[in-house]
Amino acid sequence: NNNNNNNNENDSTSNPDVICVQECDHYYDFFEPEMQKRGYFGIYREDKWSPCQKFSNELKDGLAIFCKRETVELVGMHVSTTAETKEQDAKVLFARLIMKKSLTRQEVVVINAHLESGQSPDKVVTRVNQAKEMCSRLNAFCVAQCSNINTVQIVVCGDFNATPEEPCMEHLRGRGLKSAYEDLETSNSSKNGEQEQQQLEGEEPFFTTFKTRLGFFKNGTSKRVSDYIMYSAHRGAKIVSRVEPQQSGFGEGVVGLPSKTQPSDHLCLRSRLSFEHPIVATPTSNGGAQAK
């Protein structure tokens, strides 16, 4: 309960219009009523293969999107439920939103995503397939529901369990999406030698998750990037500001999160986006969105 309260405060005190939460348990009996008190409404996608079932048959986690009632209108949603196996299931939740305070009532599709975990080669392949499936569903969703396929903006948030150089991230960038923390990710992504040199010089590479895991394809204590806020830069969206997640000071002897001060092993990412001057996108041959 203390971790739930800390999570709730981290989300609500920055007063965002939209909040995406992965591995959200106790949605109906805690998060939804608590966020309603703070002026938010929510939508939820329960994980059919939730690991919470290892501990309780009655408890599952899932994906949640919370929106501020004062500034955001929900006009459509999509929950993917057709996967027959855990590996086929790109855990995604789509929300079609209208920004009420925008003079043009800007239409935005927000996707909350949680891709397959694990560092083995087959897991890397699973993630890129999930990313492709997510983009295919995005294209179909926009064609079916959006009022103007050429001006809708796209935001994808979530735990992708992938480092910036992985194929699934290359796939998303190839569709015109850009990470809000791209410059920080680039400084430590691909070159292990540079990371080692940073650490020798007392500099830690940027990370969004900090944990200790033992076993095959698990390298003990790990700090790496696996969480993202991605936006449709190819359509004119821009980052106005962002909050860099805490990178130190987790407490003496802490070798991984969660801790007494951090309720999750993943750090909270926060950014402010501007959609003031959208670029009219060129439709694809099938009439879909470019970020497909």
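Before going into details, it helps to say that this report is about the structure given with it. (Residues numbered from 1 in each chain as written. Predicted model: local features only at pLDDT ≥ 70, side-chain atom pairs only at ≥ 80, totals over all residues. Heavy atoms only, no water.)

## Quick notes on the environment of serine 226
Relative to the assigned elements, serine 226 resides in the loop between β10 (218-224) and β11 (227-232). The class of serine 226 is buried, set by a relative accessible area of 0%. Each C-alpha atom, one on serine 226 and one on threonine 209, is 6.8 Å from the other, the two residues being 17 residues apart in sequence. Once residues lying within four places of it in the same chain are set aside, the contact partners of serine 226 are Gly158, Asp159, Phe160, Asn161, Ala162, Thr208, Thr209 and His266. A distance of 3.3 Å separates a polar atom in the side chain of serine 226 from a polar atom in the side chain of aspartate 227. (Helix = DSSP H or I, 4+ residues; strand = E, 2+ residues; numbered from the N terminus. Buried < 20%, exposed > 50% of the residue type's maximum accessible area, 1.4 Å probe, protein only. Contact = heavy atoms within 4.5 Å. Polar contact = N/O pair within 3.5 Å; in protein donor to acceptor, adjacent residues only side chain to side chain.)

## Side note on the pairing of strand β2 (residues 40-46)
Most of β2 sits inside the fold, with 5 of its 7 residues counted as buried. Where β2 lies against strand β3 (residues 62-68), 7 bridges are found, and the strand directions are antiparallel. Bridge pairing in β3 places glycine 42 opposite phenylalanine 66. (Pairing = 2+ DSSP bridges.)

## Some words on the environment of glycine 176
Position of glycine 176 relative to the elements: it lies in the loop between α4 (167-174) and β8 (177-179). It is 8.2 Å that separates the C-alpha atoms of glycine 176 and arginine 235, two residues lying 59 residues apart in sequence. The residues contacting glycine 176, other than those within four sequence positions of it, are Tyr231, Ser232, Ala233 and His234.

## Section: helix α3 (residues 121-145)
Since there are 3.6 residues in each turn of an α-helix, residues three or four apart along the chain are aligned in direction. Spanning 25 residues, α3 covers 36 Å between terminal C-alpha atoms, matching the ideal 36 Å at 1.5 Å per step. Taken as a whole, α3 has its buried residues at Thr126, Arg127, Val128, Gln130, Ala131, Met134, Cys135, Arg137, Leu138, Asn139, Phe141 and Cys142. The secondary structure elements touched by the buried residues of α3 are β4 (72-79), β5 (91-99), β6 (107-114), β7 (153-159) and α4. (Expected span 1.5 Å × (residues − 1).)

## A closer look at the environment of arginine 38
Counting through the fold element by element, arginine 38 comes out in the loop between α2 (27-37) and β2. Along the primary structure arginine 38 and asparagine 15 are separated by 23 residues, whereas in three dimensions their C-alpha atoms are 9.2 Å apart. A distance of 3.0 Å separates a polar atom in the side chain of arginine 38 from the backbone oxygen of glutamate 34.

## Observations regarding the nonpolar core
The nonpolar side chains of a soluble globular protein tend to be buried with one another. With 50 residues, the main nonpolar core has Val109 and Phe160 as its most contacted residues. Put simply, the parts of the chain that give this core at least two residues each are β2, β3, β5, β6, α3, β7, α4 and β11. Among the elements that line this core, the one with the most residues is α3, at 7 residues. Apart from residues lying up to four places away in sequence, phenylalanine 160 is in contact with Ala113, Leu115, Glu116, Arg127, Met169, Leu172, Ser226, Tyr228 and Met230. (Core = buried A, V, L, I, M, F, W, Y, C linked by side-chain atoms within 4.5 Å.)

## A look at the side chain of aspartate 61
The residue aspartate 61 is located in the loop between β2 and β3 in this model. Despite its burial, aspartate 61 pairs with no opposite charge, the nearest such side chain being lysine 91 at 6.1 Å. In this structure, aspartate 61 is in contact with Glu23, Cys24, Asp25, Tyr44, Glu46, Asp47, Ser50, Pro51 and Cys52, ignoring residues within four places of it in sequence. (Lys, Arg positive; Asp, Glu negative; His and termini not counted. Salt bridge = Lys/Arg side-chain N within 4 Å of Asp/Glu carboxyl O.)

## Structural notes on the packing of aromatic side chains
Given two aromatic rings, one states the distance between the centres and the angle between the planes to describe the pair. Taken as a whole and judged by the stated rule, the model has 11 aromatic pairs. Relative to phenylalanine 206, the ring of tyrosine 181 lies with its centre 5.9 Å away and its plane at 15°, an arrangement referred to as stacked. Here the residue tyrosine 181 occupies a position in the loop between β8 and α5 (182-186), and phenylalanine 206 occupies one in the loop between α6 (192-200) and β9 (209-215), the gap between them amounting to 25 residues. The two residues tyrosine 181 and phenylalanine 206 agree in class, both being buried. Both rings, one in phenylalanine 207 and one in phenylalanine 250, keep their centres 6.4 Å apart while their planes meet at 55°; by these two values the pair is tilted. Placement of phenylalanine 207 in the loop between α6 and β9 and of phenylalanine 250 in the loop between β12 (238-243) and β13 (270-274) is noted, with a sequence separation of 43 residues between them. For phenylalanine 207, a relative accessible area of 0% puts it in the buried group. The rings of Tyr27, Tyr28, Tyr44 and Phe66 are connected pair by pair, giving a single aromatic cluster. (Phe/Tyr/Trp six-rings, centres within 6.5 Å; stacked < 30°, edge-to-face > 60°.)

## Notes on the pairing of β6
Of all 8 residues making up β6, 8 are buried, and the element is well covered by its neighbours. Across 8 bridges, the pairing between β5 and β6 is antiparallel. The residue bridging phenylalanine 94 from the neighbouring strand is isoleucine 111, located in β6. Where β6 meets β7, 7 bridges bridge the pair, whose relative direction is parallel. Considered in β7, the bridge of valine 109 is made with isoleucine 154. Crossover β6 to β7 through α3 is right-handed. (Right-handed = clockwise from strand over helix to strand, strands pointing away.)

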